[in-house]
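# Report on the structure
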Amino acid sequence: MRIRKHDNLYQLTFMPQLFPVNCYLIEEDDDLTLVDAAMPSSAQAILSAARTIGKPIRRIVLTHAHADHIGALDSLHAALPDAEIMVSKMEWDILQHQMNTQDGHSIKGSYPKNIKTVPDVFLDEGDRVGSLEVIASPGHSPGLLALYDRRNGAVLAGDAFQVRGGLAVSGDIRWLFPFPAWGTWHKARSIQSAQKLVDLKPEILATGHGDMLHSPVPMMKQAILRAEKRIKTHA
């Protein structure tokens, strides 16, 4: 696992050279919020990172329920039984019922079938999680959430964007790393959510796959333009 830090934001990257999967620790005054739970084998490394920082994980927020974002949840919950588990109601429903479609579009990506942990809180647009503001960002998945930290301008976008393989809106294939696009539910809504995140004028873009980007707005706008052109071409 690789750890990179910016202010109160810690990016934990598993398999950084092969198939980078990120989760994040957000430092508050007295504790930590974990954003996403990475792969099933990631729990001990996440817990070790928290011990190194020297603060307890009090909240676990899931941007969405694909397997590479929720994989270590059960192990983390067993180790941290008092930590609040948070996710959108839509993602939980899909995970529980293994739904195949939503609003006429096929639900893609891998939703694991063996998650036992039950969320404590269902998050909606505008909710607060510590210093983070919840931003509904559907597209990659129906209930995707992004999180915005106004202290440093960081947007934790889940898979609304990818950085690995070239910055892209979810659903716009980058052949060096096509997996987020292959797992995208609704390309048009991905573009709408991407614009919503640009409108926040983030100073940092932190995604599920790839390095953190600083001063990302011009690149995000270019990614949106490319996605819009491609969706028109294939309409």
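A brief structural summary. If you're wondering where the values come from, they're calculated on a predicted model, not measured in any experiment.

Residues Leu32 and Leu34 line one face of strand 4 (residues 32–35) and the alternating positions Thr33 and Val35 line the opposite face, and both faces are buried. As paired strands, strand 3 (residues 21–27) and strand 4 are joined by four bridges and run antiparallel to one another. Its bridge partner lying in strand 4, Glu27 is registered against Leu32. Taken together, strand 3 and the strand that follows it, strand 4, pair antiparallel across an intervening segment of four residues. By the bridge criterion, four bridges tie strand 4 to strand 5 (residues 57–61) in an arrangement that is parallel. Bridge pairing in strand 5 places Leu34 opposite Ile60. Viewed along the sheet, the connection from strand 4 through helix 1 (residues 43–53) into strand 5 turns out right-handed.

With that out of the way, let us pick up the side chain of Asp36. Within the fold, Asp36 resides in the loop between strand 4 and helix 1. Here Asp36 sits buried without a salt bridge, and the closest side chain of opposite charge, Arg59, lies 14 Å off (N-O distance). Among the polar contacts listed, one links the side chain of Asp36 to the side chain of His69, at a separation of 2.8 Å. What Asp36 contacts, discounting residues up to four positions off in sequence, is Asn22, Cys23, Val61, Leu62, Thr63, His64 and His69.

For the rest of this paragraph, the subject is the nonpolar core. Nonpolar side chains tend to gather and get buried jointly when the protein is soluble and globular. Core analysis: the largest hydrophobic core is formed by 35 residues, its most contacted members being Leu25, Ile57, Ile60 and Leu76. Broken down by secondary-structure element, the contributors of at least two residues to this core are strand 2 (9–14), strand 3, strand 4, helix 1, strand 5, helix 3 (73–79), strand 6 (84–88) and helix 4 (89–97). Among the elements that line this core, the one with the most residues is helix 1, at six residues. Sequence-distant contacts of Leu76, defined by excluding residues within four places in its chain, comprise Leu34, Ala37, Ala43, Ile46, Leu47 and Ile60. Phe161, Leu167, Val169 and Met220 belong to the second-largest nonpolar core, a separate cluster that totals 23 residues.

What follows covers the pattern of salt bridges. One pass over the structure, following the stated rule, counts 14 salt bridges. Here Asp211 ties to Arg4 by a salt bridge, and the two come within 3.1 Å at their closest N and O atoms. One end of the pair, Asp211, is in the loop between strand 16 (204–207) and strand 17 (213–214); the other, Arg4, is in strand 1 (residues 2–6), with 207 residues separating them in the sequence. Relative accessible area serves as the criterion here: at 37%, Arg4 is assigned to the partly exposed category. Measuring nitrogen to oxygen at the nearest pair gives 2.9 Å for the salt bridge that ties Asp93 to Lys89.

Our next topic: a nonpolar patch on the surface. On the surface, Trp175, Phe179 and Trp182 cluster together to form a nonpolar patch covering roughly 400 Å² of accessible area. In this fold, Trp182 is placed in helix 5 (residues 179–182). On the basis of relative accessibility, which here comes to 46%, the residue Trp182 falls in the partly exposed class.

Glancing now at the pairing of strand 2. Two faces, one strand: in a regular strand the side chains alternate between the faces of the sheet. Burial analysis of strand 2 places six of its six residues in the buried class, which makes it a mostly covered element. Side chains Leu9, Gln11 and Thr13 project from strand 2 onto one buried face, and the interleaved Tyr10, Leu12 and Phe14 project onto a second face that is buried too. The turn linking strand 1 back onto strand 2 is made up of two residues, and Asp7 within it adopts a positive phi angle of 50°. Relative to strand 3, strand 2 is paired through six bridges, and the arrangement is antiparallel. Across the sheet, residue Leu12 finds its bridge partner in strand 3, namely Cys23. Here strand 2 hands over to strand 3 after six residues, with Met15 in that stretch at a positive phi of 50°.

Cut-off values and rules
Residues numbered from 1 in each chain as written. Predicted model: local features only at pLDDT ≥ 70, side-chain atom pairs only at ≥ 80, totals over all residues. Heavy atoms only, no water. Buried < 20%, exposed > 50% of the residue type's maximum accessible area, 1.4 Å probe, protein only. Helix = DSSP H or I, 4+ residues; strand = E, 2+ residues; numbered from the N terminus. Pairing = 2+ DSSP bridges. Right-handed = clockwise from strand over helix to strand, strands pointing away. Lys, Arg positive; Asp, Glu negative; His and termini not counted. Salt bridge = Lys/Arg side-chain N within 4 Å of Asp/Glu carboxyl O. Polar contact = N/O pair within 3.5 Å; in protein donor to acceptor, adjacent residues only side chain to side chain. Contact = heavy atoms within 4.5 Å. Core = buried A, V, L, I, M, F, W, Y, C linked by side-chain atoms within 4.5 Å. Patch = residues over 30% accessible without salt bridge, like charges linked within 9 Å, V, L, I, M, F, W, Y side chains within 5 Å. Areas by Shrake-Rupley, 256 points an atom, 1.4 Å probe, with all protein chains shown as cover.

Shape is all these values report; function is a separate question.
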